[in-house]
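Residue strings, one per chain:
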Amino acid sequence: MKYAKLWILVLLFSGAARAQDATNIYSMPSPFDRYSHYLATGRVTAAIPIGTFADQYIDKTSLENYSLSVEWIFQGALSAGGEVGYAYFQTRLPRQVYQLDGQDVSAVQTRTLTQYPIQGFVNYHLAGRSAIVRPYVHLSAGGSFVDYSLFYGNLADQQQKFQFAYGAGLGSKFLFKKDGSLGADLRVKYSQTALNYDYVTKGISSINASFGLFYRWW
Amino acid sequence: MHMTNKIMLMTLLMGTLLSACTNDPLRDLSIEDSQVFITNRNKSVDFRQYATFSIVDSVLILGNQGYGTSLSEIDVTILTRVIAKMQELGYQYVSASNNPDVGINVAQIRNSYLNVAPMNPYWGNYWGGGWGGWGGGWGPGMGYGPGYFTYYQTNEAYWYLEMIDFKNSNVENQELDVVWNAQIRGSGIGSTQQMGRIVDAVFEQSSYLKIN
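Residues numbered from 1 in each chain as written. Chains lettered and ligands numbered in written order. Predicted model: local features only at pLDDT ≥ 70, side-chain atom pairs only at ≥ 80, totals over all residues.

Under an unreviewed UniProt entry, the name given to chain A is Outer membrane protein beta-barrel domain-containing protein, and the source organism is Rhabdobacter roseus.

### With respect to the overall build of chain B
Rules: Helix and strand labels come from DSSP, where a helix needs a run of H or I of at least four residues and a strand needs a run of E of at least two; each type is numbered from the N terminus. Residues are called buried when their C-beta atom has 20 or more other C-beta atoms within 10 Å, exposed when it has 12 or fewer, and partly exposed otherwise; all C-beta atoms are positioned from the backbone. By the criterion used throughout, residues are in contact when their C-beta atoms, derived from the backbone, lie within 7 Å.
Within chain B, the secondary structure is distributed over four helices and ten strands. Shown N-terminal to C-terminal, the secondary structure of chain B runs as helices and strands in the order α-α-β-β-β-β-α-β-β-β-β-β-β-α. Within chain B, the fraction of its 212 residues that count as buried is 20%. Long-range contacts, defined as pairs at least 24 residues apart, comprise 71% of the intrachain contacts of chain B with a sequence gap of at least 6.

### Looking at the environment of A141(A)
You can see A141(A) is positioned in strand β5 (residues 133–152). Dropping the residues within four chain positions of it, A141(A) is found in contact with Q119(A), G120(A) and Y166(A).

### Regarding the nonpolar core
For soluble globular proteins, nonpolar side chains are generally found buried alongside one another. Which entries qualify depends on this criterion: Defined on buried residues, the nonpolar core groups Ala, Val, Leu, Ile, Met, Phe, Trp, Tyr and Cys residues joined through C-beta atoms within 7 Å.
Grouped together as the largest cluster of nonpolar side chains are 49 residues, with contacts concentrated most on V82(B) and I104(B). In terms of residue count, the dominant contributor to this core is β5(A) (six residues). With sequence-adjacent residues up to four places away left out, V82(B) is seen in contact with I55(B), I104(B), V106(B), L161(B) and V199(B).

### So, helix α3 (residues 73–88) of chain B
All names here are of chain B. Defined as follows: Here a helix's expected span is defined as the number of its residues, less one, multiplied by 1.5 Å. The directions from the helix axis to the C-beta atoms form the arc being described.
Between its first and last C-alpha, α3 extends 23 Å over 16 residues, near the 22 Å set by a 1.5 Å rise per residue. For α3, the set of buried residues is D75, I78, L79, V82 and M86. Angular distribution of buried residues about the axis of α3 spans 95°; they occupy a single face of the element. When the buried face of α3 is taken as reference, the exposed residues oriented beyond 90 degrees from it are E73 and E88.

### A short note on the environment of I104(B)
Within the secondary structure layout, I104(B) lies in strand β6 (residues 102–118). For I104(B), a count of 20 C-beta atoms within 10 Å translates into the label buried.

### Looking at the confidence of the model for chain A
Here is the rule we go by: What pLDDT conveys is the predictor's confidence in a given residue, as a value from 0 to 100.
Mean pLDDT over chain A stands at 90; residues scoring 70 or higher make up 88%. Within chain A, no element has a lower average pLDDT than helix α1 (residues 2–26) of chain A, which sits at 55, and none a higher one than strand β7 (residues 182–193) of chain A, at 98.

### Observations regarding the pairing of strand β8 (residues 204–217) of chain A
All names here are of chain A. We apply this condition: For two strands to pair, DSSP has to find at least two bridges joining them.
As paired elements, strand β1 (residues 37–49) and β8 share twelve bridges and run antiparallel to each other. When the sheet's bridge partners are listed, L39 is paired in β8 with R216. Bridge count for β7 against β8 is twelve bridges, and the pairing is antiparallel. When the bridges of β8 are listed, L182 appears paired with Y215.

### Description of unusual backbone geometry
Residues and elements named next belong to chain A. Phi angles above zero are rare outside glycine, and D101 is one such case at about 50°. Along the chain, D101 falls in the loop between β3 (78–100) and β4 (103–125). Positioned with a positive phi, D198 is a non-glycine residue whose angle comes to about 55°. Position of D198 relative to the elements: it lies in the loop between β7 and β8. Under the C-beta neighbour-count criterion, D198 is labelled partly exposed, with 13 such atoms within 10 Å.

Written as structure tokens, this is what we have:
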């Protein structure tokens, strides 16, 4: 009987030990932690024109900005990827008389600026890859298809160019659950596109605040 | 899902997203706001030297589809309004046979163009430099032709007013100087109801014509 009790005790302890082993198996780092993986983000952006661009051409904040990025999350703190997007500024001025080539032109101006940016970027993350909140510093460079269309009434003056563009920003990724695939992304970015045409003399400058949703996989 | 498939799906989604984003910035522009009044003058001329004017007895029709004259209701309306505005500014209306100092022409310009433009299959006319300048609106003939070209028709119709200096005409060379002109462009300019406001606007932005 004494032996039997001892045997039960041994069994109980070994069971507890086995259970502990099992926990260790499941607490292994997730594949997202162990391997470099991919992450795709769709963003909507509020863009605030700044600087000379805002002073001379369009100063109205735009909510018509969208982008999609795909990035490779490396083992360390870095990630790199590409982002394509669409950005649109528009404002309308009440009727005024403009001097154009010595002529007086009375018109309602509709000023628009459309961009299709295509940029490469690098993110440097300030927290580990398994962190629920993962802030990062963002740098981007590339080009942008720019369409400058200025309407006098319904007459258009249009200029289209592929221009150099770059940007820098701060952002953070927020995982919806630990080790999950889905999350949100908030980013504030300064962006600059070169352009010298008509009213735009020192490029297109804006501050962009974006909200995004991301999906990651490996 | 296979990686390539995923990337392809994403590219497709992005393409759809981008093409859905094409804007028509003028969709909420009113007829009045679409109108553009362009005036031009000889800056060396002092209009106070003139006292009398005459005007054409009907509106001239000019353009690449032919020319002629017209005196429909809208033409009478514009001619009457121009006479009234000139009188308001201090000019005396006389007949053409009474040696007026200036003469006024009123014309409708009607042009129609068939255009061909190279077309990049992915980026529309991004590389083409656009359709800038003072052209008219896009016609209804937009379409894809064979290869990477697009054909479109532009129709323009606008009013043209000019003031000719008879007082200082160069008789030897039979030269007449246009000392002032105006173009009226935009939507609704074929409407008799709009005419009064439009003509007033043109003369209001030409305050230098006032001699009284």
